[in-house]
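Listed below are the residues making up each chain.
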Amino acid sequence: MKFSILVSEGPYTHEAADTAYNFTKAALEKGHEIYRIFFYHDGVNNGTRLTTPPQDDRNIVNRWSELAQAHELDLVLCVAAAQRRGIADADEAKRNGKDADNIAPGFRISGLGQLIEAGIESDRLITFGD
Amino acid sequence: MLHTVNKSPLERNALESCLKHAVKGSAVLLIEDGVYGAMKGTVKSSMVEDAMKDISFYVIRPDLKARGIDESRVIDGIEIIDYHGFVDLAAKYDKTQSWL
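Here goes a summary of the coordinates provided. (Residues numbered from 1 in each chain as written. Chains lettered and ligands numbered in written order. Predicted model: local features only at pLDDT ≥ 70, side-chain atom pairs only at ≥ 80, totals over all residues. Heavy atoms only, no water.)

## Section: unusual backbone geometry
Residue and element names in this part refer to chain A.
Logical step 1: Notably, Y12 is not glycine yet its phi reads approximately 60 degrees, a positive angle.
Logical step 2: Mapped onto the fold, Y12 is located in the loop between β1 (2-7) and α1 (16-29).
Logical step 3: Residues other than glycine seldom take positive phi values, yet E72 does so here, at roughly 50 degrees.
Logical step 4: Examined against the element boundaries, E72 turns out to sit in the loop between α2 (60-71) and β3 (75-78).
Logical step 5: A relative accessible area of 75% means that E72 is categorised as exposed. (Helix = DSSP H or I, 4+ residues; strand = E, 2+ residues; numbered from the N terminus. Buried < 20%, exposed > 50% of the residue type's maximum accessible area, 1.4 Å probe, protein only.)

## Observations regarding the sheet that holds strand β4 (residues 107-110) of chain A
All names here are of chain A.
Logical step 1: If you walk across this open sheet you meet the 5 strands as β4-β3-β2-β1-β5, and the pairing is parallel. Looking at strand neighbours, the two that pair on one side only are β4 and β5 (124-128), the edges of this open sheet. Neighbour-to-neighbour, the strand axes of the sheet open up by a mean angle of 25 degrees, direction not taken into account.
Logical step 2: Sheet topology places β1 next to strand β2 (residues 33-39); 6 bridges connect them, and they run parallel. Looking across to β2, one finds that L6 is bridged to F38.
Logical step 3: Sheet strands in contact with α1 are β1, β2 and β5, and its direction is about 170 degrees off that of β1.
Logical step 4: Helix-sheet contacts for helix α5 (residues 113-121) involve β1, β2, β3, β4 and β5, and the interaxial angle to β2 is about 155 degrees. (Pairing = 2+ DSSP bridges. Axes fitted to C-alpha atoms, helices over the stretch in contact; angles between N-to-C directions. Contact = heavy atoms within 4.5 Å.)

Honestly, that's just the spatial picture; any functional story needs more than this.
As structure tokens, this is what we get:
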């Protein structure tokens, strides 16, 4: 079955980023396809590579990047939500006159249409948030 | 339809709202702080026990464990599942509504 995931909560907030990760991992282990994971609102904070948690804590951002690399996942950050929260890739940084970008490996920035498309193209869309 | 609830019924009314909307034959999965709704002997237990006549209830084992809730304290009839079971439920029901 084809799943898409919506994450609307930041990492280290409550538990949505963890549950979304655990669900995604379990779905992949069961042989399902993850069509896309869309990060909206504070969820875009899952995609900054500058995150530096203590060494004995889980690294939520790296965990997404590693899962994306292992399974060729499509991790999409909402552009408007990312701009508001200071998350940029090289193109966005240049376009908005910023001196750096901070998007984590495996993530890309795009529009809300990507969420709508995921909802249409997938058998299931599961929301994790706060 | 599968409903997921991730808030404690002792703190927010997400579970209560969910149960007002959930129709006969649907399922409720308690996740994150929502697992407090699966406990026996709380002021909200009877609300869940009444709803169980028409609705199947599930709770995530790792989320119970993270909160130190022993499985013996879960209301009889609520099925304890892991994340793979969550995936199975999401596949089984045609839609999932997350009560946040």
